[in-house]
Amino acid sequence: MSAVDELLGDVRRLSFGLSRELWVVEAGVFLNMLGYGAVFPFEIIYLHEARGFSLGVAGLVVGLVSGVAIIVAPVAGAVIDRVGARTTAVAAGLALAGGYGSLAFVTTPPTAFAAAALAGVGNGGLGPSQSALMAALAPRELRQRASAVSRVAVNVGIGLGAAIGGVVAGFGLNGFILLFLANAVTYIVYLAILVVAVRDEVRPAPIAGGYRQVLRDRALMRFSLINVVMIAVGWGVLSWIVPPYAREIGIGPSLIGLLLLANAATVVFAQLPIVKSAEGRSRVGALSLGAGIWVVACLLAVLAQATSPELAFVCLVAAAVAFAVGECLHATAFMPLIADLAPLALRGRYMATAGLSWWLGLTLAPTLGGQLLAISPSLALIGGAALAASAIVLLRAFEPALPVSVRSIPRPGVDQNYEAEPAG
């Protein structure tokens, strides 16, 4: 083998087999999360302390971003199928830049609600369009790797962004303004790169029926409903249940921050090895294993209440790591399976439907979890374990509904009977 061949082999290994265009999209995910990570922990603090809004109003403004995204996501799916994922991503990114850029200067609740609504429109459109873009750019046997790299990009971006944001927010109003403007700029830079570096899409003829065809896909609809439960536990419990539970058993705020750091660091270091070890195995098996690990994570957190403060923190760290491992298994199987189920002409609608299940799960967790927390902190975690266990049962019952051709995670170099579409 020549030195050139060895160099090319090294590049292929470092690229994880993904194309240059796909890496551009992944870099955009990181850039977006870097900017968003710098603002999202401080949105309510900024609106309350720097702009003088009541906590209730500030919470409604921030909640509106997610609320509008839930409404917009299905519309975005149809737009993706009509005009393309890249064009939709650009429009969504512009809305996000406008929304967050405007939030930097709001002084009254009405202007804040208007800016949040604009950001919500962008949020509802960017997620499914990026997922559709990745599915188009990645050959079938590499989609799980593209999804894995995306999860790493999200965690690294949010982690670094939050660290930077914490420093800049210390400068008061001017620091907050800078953070929101910087977040807007990250969207603009990403969109410019996307337009220059990613080819426009070749779209198939539209399929009559639109969402009626999507609703008739019983496998997709059942899988999306199961995913609502999985997201509520796998992402919602650690985000909204564990922190107040930890405070209840005497864990300080700084240590709670370390729990989230342990979770993000585990995803960064474990995601790629997990996806490679899962290749060739059952997708439902990977998802079921992830849900089983979430059951253990919830029970570890419950156990923390019955130990000393030192051991309680160790139990919660172990739970945070376990939640992360479950996330890695979910990322390995979920979105690639949606992409494989989707007819090319309906891919945007399929991705939007899958994305809607995420938003619903993230809404269910604090809503239902908050009620259980009010009754008993331990009850909320036991409820999370029960939901994760029910997801395993539902997944096992769901597997026979899947076409045999999509049940396993493809193996690069073996399952290469699919070519990526000329898309971007």
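Not measured: the values here are computed from a predicted model.

What counts as what
- Residues numbered from 1 in each chain as written.
- Predicted model: local features only at pLDDT ≥ 70, side-chain atom pairs only at ≥ 80, totals over all residues.
- Heavy atoms only, no water.
- Helix = DSSP H or I, 4+ residues; strand = E, 2+ residues; numbered from the N terminus.
- Rg over C-alpha atoms; globule rule 2.2 N^0.38 Å.
- Buried < 20%, exposed > 50% of the residue type's maximum accessible area, 1.4 Å probe, protein only.
- Contact = heavy atoms within 4.5 Å.
- Areas by Shrake-Rupley, 256 points an atom, 1.4 Å probe, with all protein chains shown as cover.
- Lys, Arg positive; Asp, Glu negative; His and termini not counted.
- Charge placed at Lys NZ, Arg CZ, Asp CG, Glu CD.
- Phe/Tyr/Trp six-rings, centres within 6.5 Å; stacked < 30°, edge-to-face > 60°.
- Lys NZ or Arg CZ within 6 Å of the ring centre and 35° of its normal.
- Salt bridge = Lys/Arg side-chain N within 4 Å of Asp/Glu carboxyl O.
- Patch = residues over 30% accessible without salt bridge, like charges linked within 9 Å, V, L, I, M, F, W, Y side chains within 5 Å.
- Core = buried A, V, L, I, M, F, W, Y, C linked by side-chain atoms within 4.5 Å.
- 1 Å grid on protein atoms, 1.4 Å probe; cavity = no way out; pocket = protein on both sides within 12 Å on 5 of 7 lines; lining within 4 Å.
- Points joined across faces, edges and corners; volume = space filled by probe spheres on them.
- Nonpolar A, V, L, I, M, F, W, Y, C, P; charged D, E, K, R; others polar.
- pLDDT = per-residue confidence, 0-100.
- Expected span 1.5 Å × (residues − 1).
- Axes fitted to C-alpha atoms, helices over the stretch in contact; angles between N-to-C directions.
- Parallel < 35°, antiparallel > 145°, perpendicular 65-115°, else oblique.
- Left-handed = near helix turned anticlockwise from the far one by under 90°.

### Here we look at the overall build of the protein chain
In terms of helices and strands, the protein chain carries 16 helices and 0 strands. What you see for the protein chain is a C-alpha radius of gyration of 21 Å, in line with the 22 Å of a compact globule of 424 residues. Dimensions of the protein chain, computed from C-alpha atoms along their principal axes, come out at roughly 55 × 55 × 45 Å. Residues counted as buried form 53% of the 424 residues belonging to the protein chain. A separation threshold of at least 6 residues defines the contact pool for the protein chain, and within that pool the share at least 24 residues apart is 86%. Approximately 17500 Å² of the protein chain is accessible, and the part contributed by carbon and sulfur atoms is 70%. Looking at the protein chain, you have 25 positive and 21 negative side-chain charges, and the mean spots of the two groups are 7 Å apart.

### Focus: the packing of aromatic side chains
The full count for this structure, using the stated rule, is 8 aromatic pairs. Of the aromatic side chains, those joined through ring pairs into one cluster are Y36, Y46, Y100, F176 and F180. Above the face of the Y211 ring, R349 is positioned so that its terminal group lies 5.6 Å from the ring centre.

### What about the pattern of salt bridges?
Under the criterion given, the structure shown has 7 salt bridges. One salt bridge connects R140 with D340, and the closest N-O pair in it is separated by 3.1 Å. One end of the pair, R140, is in the loop between α6 (109–137) and α7 (143–168); the other, D340, is in helix α14 (residues 309–341), and 200 residues separate them in sequence. Pair check on accessibility: R140 and D340 agree, each one buried.

### Some remarks on a nonpolar patch on the surface
On the surface, V75, V79 and V83 cluster together to form a nonpolar patch covering roughly 210 Å² of accessible area. Among the structural elements, V75 can be located in helix α4 (residues 55–83).

### Here's the deal with the nonpolar core
Within the largest apolar cluster, 127 residues are counted, with the highest numbers of intra-cluster contacts made by Y100 and L316. Here the element with the most residues in this core is α14; it accounts for 18 residues. Beyond its immediate chain neighbours, meaning those up to four positions away, Y100 contacts Y36, V39, E43, V65, A119, F180, N183 and Y187.

### Considering the layout of surface pockets
Empty space within the second largest pocket amounts to approximately 170 Å³. A breakdown of the residues in the lining of the second largest pocket according to their chemical character gives 9 nonpolar, 3 polar and no charged.

### Details of the confidence of the model for the protein chain
Predicted confidence across the protein chain gives a mean pLDDT of 87, with 92% of residues reaching 70 or more. Within the model, the stretch residues 3–13 combines pLDDT values under 50 with 4 contacts to residues more than four positions away or in other chains. Segment residues 417–424: pLDDT under 50, and 32 contacts once partners within four positions in sequence are set aside and those in other chains are kept.

### Details of helix α16 (residues 377–398)
The end-to-end C-alpha distance of α16 is 32 Å, a good match for the 32 Å that 22 residues give at a rise of 1.5 Å each. At its buried positions, α16 is contacted by α10 (218–234), α11 (236–248), α13 (283–304) and α15 (347–375).

### Side note on the environment of A301
As for its placement among the helices and strands, A301 is situated in helix α13. A relative accessible area of 0% means that A301 is categorised as buried. Non-local contacts of A301, meaning those with residues more than four positions away in its chain, are made with Y245, L316, A319 and L381.

### Quick look at the environment of P139
Residue placement: P139 occurs in the loop between α6 and α7. Between the alpha carbons of P139 and S19 there is a distance of 9.6 Å; along the sequence they are 120 residues apart.

### A look at the packing of α11 against α16
At a minimum axis distance of 9 Å, the contact between α11 and α16 shows a crossing angle of 150°. It follows from the interaxial angle that α11 and α16 lie roughly antiparallel. The crossing of α11 and α16 is left-handed. In contact with V237, I241, V242, Y245 and E248 of α11, α16 contributes P377, S378, A380, L381 and G384. When its residues are assigned to classes, the contact of α11 with α16 shows 7 nonpolar, 2 polar and 1 charged.

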